[in-house]
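Okay, here's what each chain looks like letter by letter:
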Amino acid sequence: MRSAIVLLSLCAAAAAVAEPRTLVRAARVLDVQNGTWSADQGIVVSGGRIESVLPFAQARSGAPDAAIIDLGDASVLPGFADCHAHLLGNLKDVSAVGSLRMSSAQGAIWGVHNLKEWLDRGFTTVRDAGEIDAAYGQFALREGVAKGFIQGPRIHAAGAYVTVTGGHGDANVLAADQRLDRVNLADTPDAVATVVRRDLKYGADWIKLMGTGGILDPFSDYTREELSDEQIARAVEVAHRAGRRVMVHAEGTGGIKAAVRAGVDSIEHGTMLDEEGAALMEKRGTWLVPTLYTFQYGAEQGEKLGLEPVMLAKVRRIISAQGPAFKRALAHRLRIAFGLDNSPDLLPREFAALVRGGMTPLQAIQAATINAQQMLGHADEAGSIAKGKVADLVAVRGDPTRDVSVLENVVFVMKEGAVVKDAASIPTPKGEHPMIMRVWHGWTKTKDADEYDRLLRDEILPGIHRIKGYGGSWVLRRVAGDEVEFVTITTWDSWAAIEEFAGKGRTKSVIHPKAAHLLTRHDEQSMHFDAAWVP
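Residues numbered from 1 in each chain as written. Predicted model: local features only at pLDDT ≥ 70, side-chain atom pairs only at ≥ 80, totals over all residues. Heavy atoms only, no water.

Things to note about the overall build of the protein
Piece 1. Check the secondary structure of the protein and you find 16 helices and 21 strands.
Piece 2. Here the C-alpha radius of gyration of the protein, 25 Å, is about what a compact globule of 535 residues would show, namely 24 Å.
Piece 3. Reported as C-alpha extents along the three principal axes, the dimensions of the protein are approximately 85 × 70 × 45 Å.
Piece 4. The burial tally for the protein puts 52% of its 535 residues in the buried class. (Helix = DSSP H or I, 4+ residues; strand = E, 2+ residues; numbered from the N terminus. Rg over C-alpha atoms; globule rule 2.2 N^0.38 Å. Buried < 20%, exposed > 50% of the residue type's maximum accessible area, 1.4 Å probe, protein only.)

Notes on helix H10 (residues 309-331)
Piece 1. Given a rise of 1.5 Å per residue, 23 residues ought to cover 33 Å, and the 35 Å separating the end C-alpha atoms of H10 matches this to within 8%.
Piece 2. A maximum bend of about 35 degrees is found in H10 at isoleucine 319.
Piece 3. Looking at the buried residues of H10, the elements they touch are strand S12 (287-289), helix H9 (292-301), strand S13 (335-336) and helix H11 (347-357).
Piece 4. Residue arginine 333 follows H10 closely and has a positive phi angle near 55 degrees. (Expected span 1.5 Å × (residues − 1). Bend = angle between axes of the 7 residues up to and from the residue. Contact = heavy atoms within 4.5 Å.)

Looking at the sheet that holds S13
Strand pairing in a sheet takes place through backbone hydrogen bonds and is either antiparallel or parallel in direction.
Piece 1. Spatially, eight strands are ordered S6-S7-S8-S9-S10-S11-S12-S13 in an open sheet, and the strand pairing comes out parallel. Among the strands making up the open sheet, the edge pair consists of strand S6 (80-85) and S13.
Piece 2. Where strand S10 (residues 245-250) lies against strand S11 (residues 266-269), four bridges are found, and the strand directions are parallel. By the bridge assignment for S11, valine 248 is matched with isoleucine 267. (Pairing = 2+ DSSP bridges.)

Looking at the environment of valine 246
Piece 1. The residue valine 246 is located in strand S10 in this model.
Piece 2. Apart from residues no more than four positions distant in its own chain, valine 246 is found in contact with Trp206, Ile207, Leu209, Ala235, Val236, Ala239, His240, Val264, Asp265 and Ser266.

Observations concerning the nonpolar core
Piece 1. In terms of nonpolar packing, the biggest core is built from 88 residues, with Phe80, Ile207, Leu209 and Phe351 touching the most fellow members.
Piece 2. Here this core gets seven residues from one element, more than from any other, and that element is H10.
Piece 3. Apart from the residues within four sequence positions on either side, phenylalanine 80 is in contact with Arg121, Gly122, Phe123, Thr124, Thr125, Phe351, Ile365, Ala368, Thr369, Val394 and Leu407. (Core = buried A, V, L, I, M, F, W, Y, C linked by side-chain atoms within 4.5 Å.)

Some remarks on the pairing of S6
Piece 1. When you tally the buried positions in S6, you get six out of six residues, the bulk of the element.
Piece 2. Of the strand pairs in this sheet, S6 and strand S7 (residues 123-128) are connected by four bridges, and their pairing is parallel. Its bridge partner being in S7, aspartate 82 is matched across the sheet by valine 126.

What about the side chain of glutamate 226?
Piece 1. Looking at the element boundaries, glutamate 226 is found in the loop between strand S9 (206-210) and helix H6 (229-241).
Piece 2. Buried charge glutamate 226 goes without a salt bridge, the closest partner of opposite sign being lysine 314 at 7.8 Å.
Piece 3. Those residues within four positions of glutamate 226 in sequence are excluded, and the remaining contacts are Thr163, Val164, Gly166, Gly167, His168, Met210, Gly211, Thr212, Gly213, Ser220, Asp221 and Gln231. (Lys, Arg positive; Asp, Glu negative; His and termini not counted. Salt bridge = Lys/Arg side-chain N within 4 Å of Asp/Glu carboxyl O.)

Here's the deal with the confidence of the model for the protein
Low pLDDT marks regions whose predicted coordinates should not be analysed in detail.
Piece 1. Across the protein, pLDDT averages 88, with 90% of residues at or above 70.
Piece 2. Taken as a whole, residues 10-17 scores under 50 in pLDDT and shows zero contacts with residues more than four places along the chain or in a different chain. (pLDDT = per-residue confidence, 0-100.)

Looking at the pattern of salt bridges
Piece 1. This structure, assessed with the given rule, holds 28 salt bridges.
Piece 2. Among the ionic pairs, aspartate 221 bridges to arginine 224, the shortest N-O distance being 3.9 Å.
Piece 3. Among the charged side chains, a salt-bridge network with shared partners connects Asp190, Arg234, Glu237 and Arg241.

Overview of the packing of H9 against H11
Piece 1. Packing of H9 against H11 brings their axes to within 8 Å, and their N-to-C directions diverge by 100 degrees. Classed by the angle they form, the pair H9 and H11 counts as roughly perpendicular. Side by side, H9 and H11 meet where Leu292, Tyr293, Thr294, Gln296 and Tyr297 of the first sit next to Arg349, Glu350, Ala353, Leu354 and Arg356 of the second.
Piece 2. A class-by-class count of the residues in the contact of H9 with H11 yields five nonpolar, two polar and three charged. (Axes fitted to C-alpha atoms, helices over the stretch in contact; angles between N-to-C directions. Parallel < 35°, antiparallel > 145°, perpendicular 65-115°, else oblique. Nonpolar A, V, L, I, M, F, W, Y, C, P; charged D, E, K, R; others polar.)

Overview of the pairing of strand S14 (residues 393-396)
Piece 1. Residues Leu393 and Ala395 line one face of S14 and the alternating positions Val394 and Val396 line the opposite face, and both faces are buried.
Piece 2. Direction of pairing for strand S5 (residues 75-78) relative to S14: antiparallel, over a ladder of four bridges. Opposite valine 76, over in S14, you have alanine 395 as the bridge partner.
Piece 3. Summarising the sheet, S14 and strand S15 (residues 410-415) pair through four bridges and their orientation is antiparallel. Bridge pairing in S15 links leucine 393 to methionine 414.

A short note on the packing of aromatic side chains
Piece 1. Within this structure, the stated rule accounts for ten aromatic pairs.
Piece 2. Ring plane angle 40 degrees and centroid distance 4.6 Å describe the contact between phenylalanine 338 and phenylalanine 351, whose orientation is recorded as tilted. Of this pair, phenylalanine 338 sits in the loop between S13 and H11 while phenylalanine 351 sits in helix H11, and the two are 13 residues apart along the sequence.
Piece 3. On the basis of relative accessible area, phenylalanine 338 is assigned to the buried category, the value being 1%.
Piece 4. Classification of phenylalanine 351 as buried rests on a relative accessible area of 1%.
Piece 5. Just above the ring of phenylalanine 56 sits the side chain of arginine 25; from NZ or CZ to the centre is 4.0 Å.
Piece 6. Over the ring of tryptophan 443 we find arginine 521, and its NZ or CZ is 4.2 Å from the ring centre. (Phe/Tyr/Trp six-rings, centres within 6.5 Å; stacked < 30°, edge-to-face > 60°. Lys NZ or Arg CZ within 6 Å of the ring centre and 35° of its normal.)

Overview of the side chain of threonine 401
Piece 1. Mapped onto the elements of the fold, threonine 401 is located in the loop between S14 and S15.
Piece 2. Residue classification places threonine 401 among the buried residues on the basis of a relative accessible area of 19%.
Piece 3. A polar contact of 2.5 Å, which involves the side chain of threonine 401, links it to the side chain of aspartate 399.
Piece 4. Contact partners of threonine 401, with chain neighbours within four places excluded, come to Leu30, Trp37, Pro361, Leu362 and Ile365. (Polar contact = N/O pair within 3.5 Å; in protein donor to acceptor, adjacent residues only side chain to side chain.)

Focus on unusual backbone geometry
Piece 1. In this structure, histidine 269 takes a positive phi of about 85 degrees despite not being glycine.
Piece 2. When its relative accessible area of 6% is taken as the criterion, histidine 269 is described as buried.
Piece 3. For aspartate 341, which is not glycine, the phi dihedral falls at a positive 65 degrees.
Piece 4. Here aspartate 341 lies in the loop between S13 and H11.

Let's talk about helix H3 (residues 104-120)
Piece 1. Compared with an ideal rise of 1.5 Å per residue, which puts 17 residues at 24 Å, H3 spans 25 Å between its outermost C-alpha atoms and is within 8% of the ideal.
Piece 2. Within H3, burial applies to Gly107, Ala108, Gly111, Asn114, Leu115, Trp118 and Leu119.

The structure is reproduced here in structure tokens:
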């Protein structure tokens, strides 16, 4: 017997030794807790977790056989978490009837596509904030990721939106004599309990309540509490008894305070938060997921997003309340977690919106790392780069604690020790002169294409040569139905040069006055890419 025990021990030790290790070399690593950087670090990864974080020479000495990933001059942060995501379907279609054109199967397939975008942006965790899919496609995605069938962030998922008939989240926008059954409608406390139990039965991590009306529907009033105090309290009772948490969509002041009094775990949006509500949230320790940019984006884009007039009017009315409400949240030092509530290609803009709203860049990063993981109950597992944590790493070039727009360009992502976006495919700038490409789309009517092309070549682009650091341009032209599409690619050798041209944050869409009237539509923001010439 003793020999067998010794043999088993030796086998276990051999297996532990055989576990392959990776050593990630980083020019600097961020301690998100205090905002300090450690230079020339080595992060040893084994079995999907961080084994050590040490000066590189010391880390290399301790792991001589580890495969090295050298990230050059990149800055490394922990993976981010988006705590207000909707995973299913075409996230660019926000029309009132978009969901009626999407089957559950189609929605899940779109979800696979969407999850890759979250990862590419450095988000290794998402919390799905509810769906209208009665088949719970979000749970299928969660299990698919967990089992390694599909690639995506770790998913914490809510079930259906628990709402009243005619409330925000009632997806039946058909006429009264057209039948469309929905399983998420609950008009009494008992009915709420039934819907919550159904969500729990099929695997909900969170329960999502629609406490007030909202914007993206044609009939609800965002200032009004929709679920009653009793309904919210019953949902909290049932969910908490099952060990699950509750998030509440709440924009109007009454609904916010009712939800907090009922003991919910997080308030989503809080767009009209007043002084009394902020004080109550502070006292109870209720989390706020403010989703600032999605409202700003809706107000900016309007009709381009397919919003119906009533929906557009609501978002343009409510936007004036958002800034003061967020300042109250900051003044009361509410616990704030990052959430976008929109298509994941817009994720970097939420960081910028939080900073415009009054946060420091570090606080915005903390909202998406240590704060988010604390709200999700996983602060011991993720949210910082430390021994024993899951190996979720994100690399960018520059210092995002000084300029949060650096987070627009994520060049490397590791999730649980596996590289899901490789910096090797995005060439590292050499010396002081990297090549950066700025890509911008515009469309003209067919009859105006030649004049627009002439203006670009003869007057607009030659005028940029005065900016030191500008390298040159390509103009791509393509007939696209009744329009002609133009793709303008300019090359630069520094971010500073682009800022001189496009303003602080490099987000300004520069349109020459002589050409503006020729454009039928255009990108609101240019995309930037690190580039290399390969002969």
